[in-house]
Amino acid sequence: MGVCSSSPDDLNVKPSTQKQKRDAKEAKASEDAKIKMLLLGCGESGKSTIFKQMRILHGKPQTAAELLRLRDIIRSNCVMLMVALANFIEATAEVEGLLLADERKAFNKVLEEVVSNFNDENVDANAEHCMNHIPQFQTLWKSAAFKEAWSRRAETDAIDGHDALMDSFDDITSADYAVPSNHLLLSRVRTEGVVSHSYDIDGAIFEIFDVGGQRYFRKTWFDCFEDVTAIIFVASLSEFDQMLAEDKSKNRMTEALDLFSSVLDNAYFTKIDLLLFLNKKDLFATKIRTSNIADQKDFSDFEGKPNDFDSGVGYFIDKFVAFNEDPERQVFVHITCATDTGNISFVWESCKEIILEANIQASFGL
Ligand SMILES: Nc1nc2c(ncn2[C@@H]2O[C@H](COP(=O)(O)OP(=O)(O)OP(=O)(O)O)[C@@H](O)[C@H]2O)c(=O)[nH]1
Ligand SMILES: [Mg+2]
């Protein structure tokens, strides 16, 4: 005969309340079994791109409605790039002087009809601008003035890598454009709060959090700091010669180093090893050929070989890792290209092992 044991208190609890308690207990147990992983880092470092890669690797493909939205986001991204370059050209007489007569006409039309009332958050309006100014954008993208502005993109708000979108402008603006996966990964929408998604990965439930990295949105981060198993901190290698979008006086790499240091010091995370993705290695490889790290005020102590990929990467690895003063703690560094699914899949395999091991240790209180 089965024996039911109950405390005197339980006897006074209505069956429905007992069920609620049991459900709450089960929910807590399944919550505890989840692996909570945060993607942290400054704005534009590549967090959402890695978040998208997690969906490519472990989730469902985009729905038709999502792809339609992505098409508009990509068209809007083309306009954002052209507006960033147009603003730079308008403010830089020697570059503006490169415009030929027919290009000047296209430029004036774009200034008047697009730049003057531009709002980078209004995807619908920008996608419409894109489709309404196809010949002007085609003419300008081929012009010497825009080529010069692009070569000086570190001085503008242009997203490095979005030249690939403008190079596919004819496809992107065609009526039957179907978003390919490389464009999906290049597309950009600033994250403004905290978004999360759960995936069953090798039998474990990973709940992955993507956060807005720009300064204003970091105040929302604290909401997801409890019970974290793993953190991937993403920093863009290629931004060592760029200033923050939200503060033109601060070097982006310096901001990433400061933020990494504060994540390491955060009381919630003292028992967590950090996974550090030094991202945008493809853009860094191109940039380092012509930009010298030591020319940057904040990195004038760089004594490695100028224009050398390995020396540059090694220098920044040392800078990040030096913040970790706890011999019990590890920083696992990966040099990544978040837009390359093969690269992220490879890196993720080893990260996953580290995270699963950390989860076992935490479960046993080790
Ligand atoms: N070429 C290249 N582009 C990248 C790489 N990683 C990210 N990007 C691009 O950089 C832009 C910014 O990436 P996001 O993933 O949106 O950056 P984020 O960290 O989520 O930025 P916030 O949401 O503002 O915090 C996007 O257009 C990406 O496609 C990379 O490794 N190589
Ligand atoms: Mg984001």
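Keep in mind the model is a prediction, meaning the values are calculated, not measured.

Caption draft 1: Expanded view of empty space enclosed by the protein. Scanning the entire structure with this criterion turns up 3 cavities of 30 Å³ or more. Surrounding the largest cavity, Cys42, Gly43, Glu44, Gln214, Glu239, Leu244, Ala245, Glu246 and Arg252 form its lining. Its residues assigned to classes, the lining of the largest cavity shows 3 nonpolar, 2 polar and 4 charged.

Caption draft 2: Layout of the site of ligand 1. In the neighbourhood of ligand 1, 26 residues make up the surrounding shell, with Lys47, Thr49, Leu185, Leu186 and Gly213 lying closest. Residue leucine 185 places a main-chain N or O atom 2.7 Å away from an oxygen atom belonging to ligand 1. Protein chains shield 99% of the accessible area of ligand 1, which is 650 Å² for the free molecule. Ranked by the residues each element gives to the shell around ligand 1, the list is headed by helix α3 (residues 47-58), at 3 residues. A per-class count over the shell around ligand 1 returns 8 nonpolar, 12 polar and 6 charged.

Caption draft 3: Broad picture of the coordination of the magnesium ion (ligand 2). At 2.0 to 2.1 Å from the magnesium ion (ligand 2) lie its protein donor atoms, namely Ser48 (OG) and Thr191 (OG1). One end of the pair, serine 48, is in helix α3; the other, threonine 191, is in the loop between α12 (181-186) and β2 (194-201), and 143 residues separate them in sequence. Owing to a relative accessible area of 15%, threonine 191 belongs among the buried residues under this scheme.

Caption draft 4: Local environment of the UniProt feature "binding site: Mg(2+)" (unreviewed entry) in the protein. Sequence positions flagged by UniProt for "binding site: Mg(2+)" (unreviewed entry) are, in local numbering, Ser48 and Thr191. Look at the named residues: they lie 144 residues apart in sequence, but the longest C-alpha span between them is just 7.6 Å, so in the fold they bunch up. Excluding anything up to four places from it in sequence, serine 48 contacts Thr191 and Asp210. Dropping the residues within four chain positions of it, threonine 191 is found in contact with Ser48, Asp210, Val211, Gly212, Gly213 and Phe217. A polar contact is formed between the side chain of threonine 191 and the side chain of serine 48, at a distance of 2.8 Å.

Caption draft 5: Local environment of the side chain of arginine 329. Mapped onto the elements, arginine 329 comes out in the loop between α15 (309-321) and β6 (331-335). In this structure the side chain of arginine 329 is engaged in a polar contact, spanning 2.7 Å, whose partner is the backbone oxygen of phenylalanine 269. In this view, arginine 329 contacts Leu264, Phe269, Thr270, Ile272, Asp273 and Asn324; residues no more than four positions away in its chain are not counted.

Caption draft 6: Representation of helix α8 (residues 134-142) in the model. Looking at α8, one finds that the buried residues are Ile134, Gln136, Phe137, Leu140 and Trp141. One side of α8 holds all its buried residues, which, seen down the axis, span an arc of 160°. Next to the buried residues of α8 lie α4 (64-90), α6 (101-113), α7 (123-132), α9 (144-151), α10 (163-167) and α11 (169-172).

Caption draft 7: Examining the side chain of threonine 254 more closely. Within the secondary structure, threonine 254 sits in helix α13 (residues 252-265). Given a relative accessible area of 16%, threonine 254 falls into the buried group. A distance of 2.5 Å separates polar atoms of two side chains, one belonging to threonine 254 and the other to aspartate 298.

Caption draft 8: Broad picture of unusual backbone geometry. For aspartate 227, which is not glycine, the phi torsion reads 55° and is therefore positive. Turning to its location among the elements, aspartate 227 is positioned in the loop between β3 (204-211) and β4 (230-236). Accessibility expressed as a relative area gives 68% for aspartate 227, which makes it exposed.

Caption draft 9: How the structure looks around the pattern of salt bridges. One pass over the structure, following the stated rule, counts 25 salt bridges. Residues arginine 190 and glutamate 192 are paired through a salt bridge, measuring 2.9 Å at the closest nitrogen-oxygen approach. Residue arginine 190 is classed as partly exposed on the basis of its relative accessible area of 25%. By relative accessible area, glutamate 192 is classed as partly exposed at 39%. In this structure, lysine 280 engages glutamate 239 in a salt bridge whose closest nitrogen and oxygen atoms are separated by 3.3 Å. Taken together, the residues span a long stretch of sequence, with lysine 280 in the loop between β5 (274-279) and α14 (281-287) and glutamate 239 in the loop between β4 and α13 at a distance of 41 residues. Here lysine 280 matches glutamate 239 in class, with each residue buried. Linked by salt bridges that have partners in common, Arg215, Arg218, Asp247, Lys250, Glu255 and Asp258 make up one network.

Conventions adopted
- Residues numbered from 1 in each chain as written.
- Chains lettered and ligands numbered in written order.
- Predicted model: local features only at pLDDT ≥ 70, side-chain atom pairs only at ≥ 80, totals over all residues.
- Heavy atoms only, no water.
- 1 Å grid on protein atoms, 1.4 Å probe; cavity = no way out; pocket = protein on both sides within 12 Å on 5 of 7 lines; lining within 4 Å.
- Points joined across faces, edges and corners; volume = space filled by probe spheres on them.
- Nonpolar A, V, L, I, M, F, W, Y, C, P; charged D, E, K, R; others polar.
- Near = heavy atom within 4 Å.
- Polar contact = N/O pair within 3.5 Å; in protein donor to acceptor, adjacent residues only side chain to side chain.
- Areas by Shrake-Rupley, 256 points an atom, 1.4 Å probe, with all protein chains shown as cover.
- Helix = DSSP H or I, 4+ residues; strand = E, 2+ residues; numbered from the N terminus.
- Donors = N, O, S within 2.8 Å, 3.2 Å for Na, K, Ca; no water.
- Buried < 20%, exposed > 50% of the residue type's maximum accessible area, 1.4 Å probe, protein only.
- UniProt positions renumbered as here; feature names shortened; annotations may be inferred.
- Contact = heavy atoms within 4.5 Å.
- Arc of directions from axis to C-beta.
- Salt bridge = Lys/Arg side-chain N within 4 Å of Asp/Glu carboxyl O.

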